[in-house]
Amino acid sequence: MLDRPNPTTGEIVKRCEELFSDLTFAAARQWKAAEPGRIVIGFMPYYAPRELVHAAGGLPLGIFGGGDQLEVIHGDAYYQSYICRIPRSTIELGVSGRLDFVDGMMFPSICDVIRNLSGMWKLMFPDKGARYIDLPHNFEDDLGGEFYVSELRETCHWLSAMTGKPITDEALRASIAVFNENRRLVREAYQLRADEPWNIPSSELYLLLRAGMVIPVEEHNKMLRDYLAAARLQQRPRKDNARVVISGVFCEQPPLNLIRSIEIAGCYIVDDDFILVTRWENSDVELAGDPLTNLARAYLHDSKSTPPKYEPDEAKKGLYLVDSVRRNRAEGVIFAMTSFCDPGLLERPMLQAVLKKHNIPQIAFKYAENSGQMQPIREQAGTFADSIKLWSGT
Ligand code: SF4
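Residues numbered from 1 in each chain as written. Predicted model: local features only at pLDDT ≥ 70, side-chain atom pairs only at ≥ 80, totals over all residues.

Asks: Sorry if this is basic, but what is going on with unusual backbone geometry here?
Replies: Leaving glycine out, the prevailing phi sign among residues is negative, and the prevailing peptide bond configuration is trans. Here the residue pair Pro45 and Tyr46 is connected by a cis peptide bond, since its omega of 10° sits within 30 degrees of zero. Although it is not a glycine, Ile275 adopts a positive phi angle of roughly 45°. The class of Ile275 is buried, set by 23 C-beta atoms lying within 10 Å. The phi angle at Phe340 is positive, at roughly 65°, despite the residue not being glycine. (Buried ≥ 20, exposed ≤ 12 C-beta atoms within 10 Å, placed from the backbone.)

Here's what the structure looks like:
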């Protein structure tokens, strides 16, 4: 039998685009239908313990809003107009039946909007499970750690009640191992993009991450391996672009065209906070010992910083961005924040002050997941890139 040649980056990205634009979630539906008793558990940004769902034999499904393809009709009736769009488009996905195959939803404690959405979900879809994942804001093992272990344990019980089977430590360790591999591959892709951003366009990397939200992690691992192998073989033209870090895109997603517009305007994105759940932990989660304790420790001591996550040490606030700029040899930061996003917009002035103190150039703008007019973004990002090239002295 002839071996199938490795797919090209173009072929992989095409598959990712199909998954990205399919708001019926056909791939997840097919996965569920393939074996009786399978469960699909949706989760919202920015973080959810996907390992638990996997260990229960389920598929964790990232619900990242409706993007710019979904017309929100019903969702607008449930919320006031002056909040972000992702809760409204998520309601729209639910009310329109697009999530009818989803057995339960996990809502991380990212902000009041998501907290309210978890309560609304319970009322609107009483036959479906809904779990609010209360994340710790205290980072001591015997306080926040204990609390988070009990949250994780409760979540395991919640999942077991759906499948009728307990989740064993062995299954949890196997799931942590497969997600460790996924995070390693994502980190590898991020490193490769930082080294050769002309070879790994951020719009492609973003689509690769989004694909991982709707397909099994094992399939995503193969997809990432194939993409990395193909990307290493190619040489795309190198441009004299400015290297930038994007901050603020941790929850409601920017339209794909926004990412493309920033790149077309002359910026290489060398780090970002897109879909943080794919690389939330900075290194492998420990496998030996109690798996829930290991997940909690990784959350407390080795996870990403982002505006919704509490930083107990005032002196450290925002330094993660400075570190990202230095580590990735970036020349500036673009704050792309969701309109009406409290955690993002309240934190931004403090982050800007930290960057100013470290003489790091920056610009800021807002978007919604359905923003259509990209010309102002292109002009702003283009002017920023030009000013870096002309005046930053790099
Ligand atoms: S975009 Fe901001 S305000 Fe809206 S749900 Fe997400 S974190 Fe909350």
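Asks: Help me out: how do you make sense of the sheet that holds strand E7 (residues 332-338) in this one?
Replies: Strand pairing in a sheet relies on backbone hydrogen bonds, with the paired strands running either antiparallel or parallel. The strand order E6-E5-E7-E8 describes an open sheet built from four strands, whose pairing is parallel. The sheet is open, and its two borders are formed by strand E6 (267-271) and strand E8 (362-367), each paired with just one other strand. The sheet shows a mean angle of 35° between the axes of neighbouring strands, direction not considered. Relative to E6, strand E5 (residues 242-247) runs parallel, the two being bridged by four bridges. By the bridge assignment, Val244 is partnered in E6 with Ile269. Along the sheet face, helix H11 (residues 256-264) touches E6, E7 and E8 and points at about 120° away from the line of E6. (Pairing = 2+ DSSP bridges. Helix = DSSP H or I, 4+ residues; strand = E, 2+ residues; numbered from the N terminus. Axes fitted to C-alpha atoms, helices over the stretch in contact; angles between N-to-C directions. Contact = placed C-beta atoms within 7 Å.)

Asks: I'm lost on the nonpolar core in this one. Help?
Replies: Grouped burial of nonpolar side chains is what soluble globular proteins tend to show. With 108 residues, the main nonpolar core has Leu61, Leu208, Val244, Ile262, Cys267 and Ile334 as its most contacted residues. With seven residues, helix H8 (residues 169-195) is the largest single contributor of residues to this core. Discounting chain neighbours no more than four positions away, the residues touching Val244 are Cys267, Ile269, Val270, Ala330, Glu331, Gly332, Val333 and Ile334. (Core = buried A, V, L, I, M, F, W, Y, C linked by C-beta atoms within 7 Å.)

Asks: What is the right way to read the site of the ligand from this model?
Replies: Cys84, Cys111, Cys251, Glu252 and Cys341 are the nearest of the 15 residues found near the ligand. Ranked by the residues each element gives to the shell around the ligand, the list is headed by helix H14 (residues 342-357), at three residues. Tallied by class, the residues present in the shell around the ligand amount to 11 nonpolar, two polar and two charged. (Near = placed C-beta within 6 Å. Nonpolar A, V, L, I, M, F, W, Y, C, P; charged D, E, K, R; others polar.)

Asks: Can you walk me through the environment of Pro308 in this structure?
Replies: Tracing the backbone through its elements, the reader meets Pro308 in the loop between helix H12 (291-301) and helix H13 (319-327). Counting along the chain gives 58 residues from Pro308 to Phe250, while the straight-line C-alpha distance between them is 8.9 Å.

Asks: So what exactly am I meant to see when it comes to the environment of Asp112 here?
Replies: For Asp112, the position within the fold is in helix H6 (residues 112-124). Note on Asp112: 11 C-beta atoms within 10 Å, which makes it exposed. Residues Asp112 and Glu170, spaced 58 residues apart in sequence, show a C-alpha to C-alpha distance of 35 Å.

Asks: What's the story with the pairing of E7 in this structure? I'm lost.
Replies: Where a strand is regular, its side chains alternate between the two sheet faces. Within E7, seven of the seven residues are buried, which leaves the element mostly enclosed by the surrounding structure. Covered by surrounding structure in E7 are Gly332, Ile334, Ala336 and Thr338 together with Val333, Phe335 and Met337, the residues of both alternating faces. Of the strand pairs in this sheet, E5 and E7 are connected by four bridges, and their pairing is parallel. From the neighbouring strand, Val245 faces E7, where its bridge partner is Val333. Two strands pair when backbone bridges link them, and E7 and E8 are joined in this way by six bridges, in the parallel orientation. Counterpart to Ala336 in the pairing with E8 is Phe365. Where the polypeptide runs from E7 across H14 and back to E8, its parallel neighbour, the crossover connection is right-handed. (Right-handed = clockwise from strand over helix to strand, strands pointing away.)

Asks: Is there a simple way to think about the sheet that holds strand E2 (residues 59-62) in this case?
Replies: Taken together, four strands build an open sheet; the order of strands is E2-E1-E3-E4 and the sheet is parallel. Since the sheet does not close on itself, it has two edges, and those belong to E2 and strand E4 (129-133), each with one partner. Geometrically, the sheet is characterised by an average inter-axis angle of 25° between neighbouring strands, direction not taken into account. Pairing of strand E1 (residues 40-43) with strand E3 (residues 104-108) involves three bridges; the strand directions are parallel. Following the sheet pairing, Gly42 is matched in E3 by Met105. Along the sheet, helix H7 (residues 141-163) makes contact with E3 and E4, crossing E4 at roughly 170°.

Asks: So what exactly am I meant to see when it comes to the environment of Tyr367 here?
Replies: When you line up the elements, Tyr367 lands in strand E8. Judged by the 20 C-beta atoms lying within 10 Å of it, Tyr367 is buried. With 28 residues separating them in the primary sequence, Tyr367 and Ser339 have C-alpha atoms 5.7 Å apart. In contact with Tyr367, not counting residues within four places along its chain, are Pro254, Leu258, Ala336, Thr338 and Ser339.

Asks: What exactly am I supposed to notice about the pairing of E2 here?
Replies: Across the two faces of E2 the burial is the same, with Leu59 and Leu61 and Pro60 and Gly62 all buried. For the handedness criterion, the β-α-β arrangement of E1, helix H3 (residues 50-55) and E2 is classed as right-handed.

Asks: What exactly am I supposed to notice about helix H1 (residues 9-21) here?
Replies: Counting along an α-helix, one turn takes 3.6 residues, and residues three or four places apart therefore face a common direction. Taking 1.5 Å of rise per residue, the 13 residues of H1 would be expected to cover 18 Å, and the 18 Å separating its terminal C-alpha atoms lies within 8% of that figure. If you check which residues of H1 are buried, you get Thr9, Ile12, Val13, Cys16 and Phe20. End-on, the buried residues of H1 take up no more than an arc of 95°, which puts them together on one face. Along H1, the residues that are exposed and aim more than 90 degrees away from the buried face are Gly10, Lys14 and Ser21. Structurally, H1 contributes buried residues whose contacts are with helix H9 (202-211) and helix H10 (217-233). (Expected span 1.5 Å × (residues − 1). Arc of directions from axis to C-beta.)

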